[in-house]
There are 2 protein chains.
Amino acid sequence: MSKLTNKKAVVLFSGGLDSTVCLYWAINKGYNCEILSFDYGQKHKREILSVKKIAKKLNLKPNIIKLNLPWLKVSSLVDKCKKLPISARAEIGKKLSIPSTYVPARNLMFASIAVSFAESIGAEAIVLGPNVLDYSGYPDCRPKFYEQLSKAVAQGCERKVKILTPIIKLSKSEIVKLGKKLKAPVEDTWSCYAGGIKPCGKCDSCKLREKGFE
Amino acid sequence: MSKLTNKKAVVLFSGGLDSTVCLYWAINKGYNCEILSFDYGQKHKREILSVKKIAKKLNLKPNIIKLNLPWLKVSSLVDKCKKLPISARAEIGKKLSIPSTYVPARNLMFASIAVSFAESIGAEAIVLGPNVLDYSGYPDCRPKFYEQLSKAVAQGCERKVKILTPIIKLSKSEIVKLGKKLKAPVEDTWSCYAGGIKPCGKCDSCKLREKGFE
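Residues numbered from 1 in each chain as written. Chains lettered and ligands numbered in written order. Predicted model: local features only at pLDDT ≥ 70, side-chain atom pairs only at ≥ 80, totals over all residues.

### Some points on helix α3 (residues 106-121) of chain B
All names here are of chain B.
Then, in step 1: For α3, with 16 residues, the first-to-last C-alpha span of 23 Å sits near the 22 Å given by 1.5 Å per residue.
Then, in step 2: With 15 of 16 residues buried, α3 is to be regarded as a mostly interior element.
Then, in step 3: Within two residues after α3, G122 carries a phi angle of roughly 75 degrees, on the positive side. (Helix = DSSP H or I, 4+ residues; strand = E, 2+ residues; numbered from the N terminus. Expected span 1.5 Å × (residues − 1). Buried ≥ 20, exposed ≤ 12 C-beta atoms within 10 Å, placed from the backbone.)

Okay, here's the thing in structure tokens:
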């Protein structure tokens, strides 16, 4: 893991498996990384413990931004009164409607804030971990979205900021393999959507994670 | 000003002249408007008083979101230790570098958060007031940026959300004229970038405003 370069990147880091692999990927590519994480009222705020644990291992100080956006309660990932769907979407390729866990424009907001951070510190890239093959029907996980967003950023920003999505086309098992190759501490990551102390084993995120490790 | 339609819009509203005209434009088009404003550490936080005053006139409750993004201090619009430039850019068409008041990716962030709000409440559009002819060299005021962003939003969101920029190609005097036509309370708006009780009359924003009223 070389730190001999001057190139910087802002890594969107949730403490989950996917973004942990992305963080280790970016470090492996020689980026000096700034970690950007969000507390947006998600039920699984516990993931921030994983953010801190993994950042500490890397001797990095995470930038944790509090977003108080009351309307996000439309999502079952945020509103404690709404039940999480039970593994309805874990089958690859299954075509279903967008799940209730969808948080409106979340990845657009997070990427935009990351771009602002990157511009401010002169980072040449933002790195984030959406994934299309295993994805749970979220429109903001599609490669086309990031292609268009890159074009918008190129038009709207002072500096050039690349949007890197290194695992977007990998399967969950390929992500696990890549994580192991990069010596990412996958055991410290948190994927479960529910707010419990242990993973529920039933939500989409748990099911997809389980598939990956199988 | 008809409110007989069901169509909703989220209006990015700073309390300044341009966004006030946009708000009255949206109401005039029959939109039921939600006002979205930001406290992002701007020196001219006083503009939020104008937000409240104008919202009250319209019997609307503004949604004021606090964004605590420490890196925005790279901008002289935010960092109290950095001096504002003195009317360096008030001449239309003058080609200069991007001014120190540029806040990295501000409009991208604000528009993204507005899109999230719009999706959540089922609003069909967001309305914002960038302006290209009188613009002060900000890359995120260019029509091309909004065209690309619209495409990204179309790819990344569950619902269709239009991005409307009604005054983007108007001159400052045309904006003032439109405001008067729509009976917008231009006297209640706030444009000055400095943090004072009265407009400084020297910053780009004051100079451009002055030009518009002339």
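Further notes follow.
### Regarding the pairing of strand β3 (residues 63-66) of chain A
All names here are of chain A.
Then, in step 1: Examined bridge by bridge, strand β2 (residues 32-39) and β3 share four bridges and lie parallel to one another. Counted as the bridge partner of S37 is I64 from β3.
Then, in step 2: Once you follow β2 into helix α2 (residues 47-57) and on to β3, the crossover reads as right-handed. (Pairing = 2+ DSSP bridges. Right-handed = clockwise from strand over helix to strand, strands pointing away.)

### Details of the relation of the copies chain A and chain B
Then, in step 1: Mapping chain A onto chain B leaves a residual RMSD of 0.0 Å; the transformation is a rotation of 180 degrees accompanied by 0.0 Å of translation along its axis. Within this description, the copies of the chain are treated as partners about a two-fold rotation axis.
Then, in step 2: A share of 100% of the interface residues of chain A reappears at the interface of chain B, consistent with the copies meeting face to face through the same patch. (Least-squares fit on C-alpha atoms with pLDDT ≥ 70 in both. Contact = placed C-beta atoms within 7 Å.)

### Quick word on the interface of chain A and chain B
Then, in step 1: Across the boundary between the two partners, chain A contributes 35 residues, which contact 35 residues of chain B.
Then, in step 2: Sorting the residues of the side of chain A that touches chain B by element identifies β3, α3 (106-121) and α4 (143-156) of chain A as the ones contributing at least two each.
Then, in step 3: It is α3(A) that contributes the most residues to the side of chain A that touches chain B, 11 residues altogether.
Then, in step 4: Looking at the side of chain A that touches chain B, its residues break down into 20 nonpolar, eight polar and seven charged. (Nonpolar A, V, L, I, M, F, W, Y, C, P; charged D, E, K, R; others polar.)

### Focus: the sheet that holds strand β2 (residues 32-39) of chain B
Residues and elements named next belong to chain B.
Then, in step 1: The five strands lie next to each other as β3-β2-β1-β4-β5, forming an open sheet whose pairing is parallel. The outermost strands of the open sheet, each flanked by one partner alone, are β3 (63-66) and β5 (162-164). Pairs of neighbouring strands in the sheet enclose a mean axial angle of 25 degrees, with direction left out of account.
Then, in step 2: The strands touched by helix α1 (residues 17-28) are β1 (8-12), β2 and β4 (125-127); relative to β1, the strand with the most contacts, the crossing angle is about 175 degrees.
Then, in step 3: The strands that helix α2 (residues 47-57) touches are β2 and β3; relative to β2, the one it contacts most, it runs at about 165 degrees. (Axes fitted to C-alpha atoms, helices over the stretch in contact; angles between N-to-C directions.)

### Re the sheet that holds strand β5 (residues 162-164) of chain A
All names here are of chain A.
Then, in step 1: Strands sit in the order β3-β2-β1-β4-β5 across an open sheet of five strands; the sheet is parallel. Every interior strand has two partners, whereas the edge strands, β3 and β5, have only one. Going from strand to strand, the sheet's axes swing by 25 degrees on average, the running direction of each strand aside.
Then, in step 2: Relative to β2, strand β1 (residues 8-12) is paired through five bridges, and the arrangement is parallel. In the strand pairing of β2, V10 is matched with E34.

### A word on the environment of A:N6
Then, in step 1: Along the chain, A:N6 falls in the segment before β1.
Then, in step 2: Between the C-alpha atom of A:N6 and that of A:A26, which follows or precedes it by 20 residues, the distance is 13 Å.

### Quick notes on the packing of α4(A) against helix α4 (residues 143-156) of chain B
Then, in step 1: Running from N to C, α4(A) and α4(B) point in directions that differ by 160 degrees, and their axes come no closer than 8 Å. The angle between α4(A) and α4(B) falls in the class roughly antiparallel. The handedness of the crossing between α4(A) and α4(B) comes out as left-handed. Seen from α4(A), the contacting residues are A:K144, A:F145, A:Q148, A:L149, A:K151, A:A152, A:Q155 and A:G156; seen from α4(B), they are B:K144, B:F145, B:Q148, B:L149, B:K151, B:A152, B:Q155 and B:G156.
Then, in step 2: Within the contact of α4(A) with α4(B), the residues separate by chemical class into six nonpolar, six polar and four charged. (Parallel < 35°, antiparallel > 145°, perpendicular 65-115°, else oblique. Left-handed = near helix turned anticlockwise from the far one by under 90°.)

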